[in-house]
Amino acid sequence: MNINDTMMIPAAGFAVMLYILWLILKRRNFAKNYPYEKKFLLTGTEYRFYKILKEQCDKNGLLICPKVRMEDFLHVTDRRNRNKYRGYIKSRHIDFILCDRELHMLAGLELDDSSHDTAAAAKTDAFKNNVFKKIEVPLYRIPAEPKLYRNRIDEMIRDLVRNRSC
């Protein structure tokens with residue numbers, strides 16, 4: 001064994017240590033670049049409403065899809081202006097979509113709380129109303145008043161069941 005061989009062993013160990021240090025720093029930076037944490041899917045108000053809605057939907061064989069992005073159920077038909085019209089729907093959602101057992105969309109449902117009282121929200125609400133008219137799917141709006149939930153949900157489901165059997 002010559003002097004060069006004995007120097008390579010510590011150099012190799014040093015290189016491994018540098019590599020491990022690089023991996024640790026890379027992992028630490030990776031975590032910094034993803035500043036996310038989970039949160040609840042529904043707000044407290046939405047969840048209280050959901051529990052009543054679910055009870056009634058279960059009785060009538062309806063499925064609930066919460067917080068559905070509009071782009072997930074809409075297709076832009078204007079090919080020339082696809083990106084423009086896609087921009088209107090890609091970051092908007094509907095609070096709940098009601099479906100039959102085969103996941104055919106029967107209705108949209110918006111729970112309107114005080115956040116719907118602004119001019120910007122009124123514009124978005126009008127947009128959603130017009131889109132649902134265009135796709136010929138009812139969009140129900142229920143005020144976020146717990147004492148009204150059960151009656152409004154019952155009316156809506158009676159309407160949906162009646163229209164489904166026609």
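In case you missed it, the structure is sitting above this.
For the structure given in this document, a descriptive report is provided here. Numbers given for residues are sequential positions, taken from 1 along each chain in its written order. Per-residue local features are limited, in this predicted model, to residues with pLDDT of at least 70; the limit for side-chain atom pairs, both in listing and counting, is 80 or more; totals at the level of whole chains, interfaces and linings are taken over all residues. Excluding hydrogens and water, the side-chain figures rest on all heavy atoms present in the structure.

### Let's talk about the overall build of the protein chain
Check the secondary structure of the protein chain and you find five helices and four strands. In this description a helix means any DSSP run of H or I spanning at least four residues, a strand means any run of E spanning at least two, and both kinds are numbered starting from the N terminus. When the elements of the protein chain are put in sequence order from the N terminus, they spell out α-α-β-α-β-β-α-β-α. Here the analysis covers contacts within the protein chain between residues at least 6 apart in sequence; of these, 66% occur between residues at least 24 apart. Only the protein chains shown count as cover for residues, and all accessible areas are computed by the Shrake-Rupley method using a 1.4 Å probe. Per element, the accessible surface of the protein chain, about 12400 Å² overall, is 56% carbon and sulfur. For this analysis, residues touch if any pair of their heavy atoms sits within 4.5 Å.

### Here's the deal with the packing of aromatic side chains
Ring geometry is summarised as follows: Phe, Tyr and Trp rings, the Trp one being its six-membered ring, pair when their centres sit within 6.5 Å, and such pairs are stacked at plane angles under 30 degrees, edge-to-face over 60 and tilted between the two. A full pass over the atoms with the stated rule returns seven aromatic pairs. Ring centres of F49 and Y149 lie 4.9 Å apart, and the angle between their planes is 85°; on these two criteria the pair is classed as edge-to-face. In this pair, F49 is assigned in helix α2 (residues 44-59) and Y149 in helix α5 (residues 146-164), connecting sequence segments 100 residues apart. The same class applies to F49 as to Y149, namely buried. Between F73 and F132 the ring centres are 5.7 Å apart and the planes differ by 55°, which places this aromatic pair in the tilted class. Separated by 59 residues along the polypeptide, F73 in the loop between β1 (63-69) and α3 (82-89) and F132 in helix α4 (residues 119-134) bring together distant segments of the chain. Feature note: the residues Y47, F49, Y50, F96 and Y149 constitute an aromatic cluster, connected by ring pairs. Partly exposed describes any residue whose relative accessible area lies between the buried limit of under 20% and the exposed limit of over 50%, with all areas from a 1.4 Å probe on protein chains only and scaled to the type maximum.

### Considering the environment of N163
Tracing the backbone through its elements, the reader meets N163 in helix α5. What makes N163 partly exposed here is its relative accessible area of 46%. Separated by 57 residues in sequence, N163 and L106 place their C-alpha atoms 9.5 Å apart.

### Structural notes on the pattern of salt bridges
In the sections that follow, a salt bridge refers to a side-chain nitrogen of Lys or Arg positioned within 4 Å of a carboxyl oxygen of Asp or Glu. Enumeration according to the criterion identifies eleven salt bridges in this entry. For E55, the salt bridge is made with K59, and the minimal N-O distance between the two is 3.9 Å. You can see E55 and its partner K59 sitting in helix α2, four residues apart, about one turn around the helix. A relative accessible area of 37% means that E55 is categorised as partly exposed. Among the residues examined, K59 registers a relative accessible area of 60% and is labelled exposed. The partner of D72 in a salt bridge is R69, and the shortest N-O contact between them spans 2.7 Å.

### Some details on the nonpolar core
Where a protein is soluble and globular, its nonpolar side chains tend to be buried together. With 21 residues, the main nonpolar core has F49, L53, F96, L109, I153, M156 and L160 as its most contacted residues. Secondary-structure elements contributing two or more residues to this core are α2, β2 (93-99), β3 (105-112), β4 (139-143) and α5. Among all residues touching I153, those that are not within four sequence positions of it are F49, I52, L53, Q56 and I142. Here, nonpolar core means buried Ala, Val, Leu, Ile, Met, Phe, Trp, Tyr and Cys residues that are tied together by side-chain atoms lying within 4.5 Å of each other. Judged by nonpolar contacts, the second largest core, of twelve residues, contains I94, I97, V131 and L139.

### Digging into the pairing of β2
Most of β2 is tucked away, with six of its seven residues classed as buried. Pairing between strands is defined by DSSP: at least two bridges between them are needed. Looking at chain direction, β1 and β2 are connected through six bridges and run antiparallel. Of the residues in β2, the one forming a bridge with C65 is I97. Looking at chain direction, β2 and β3 are connected through four bridges and run antiparallel. The residue of β3 that forms the bridge with C99 is M105. Two successive antiparallel strands, β2 and β3, enclose a turn made up of five residues, where L103 displays a positive phi of approximately 65°.

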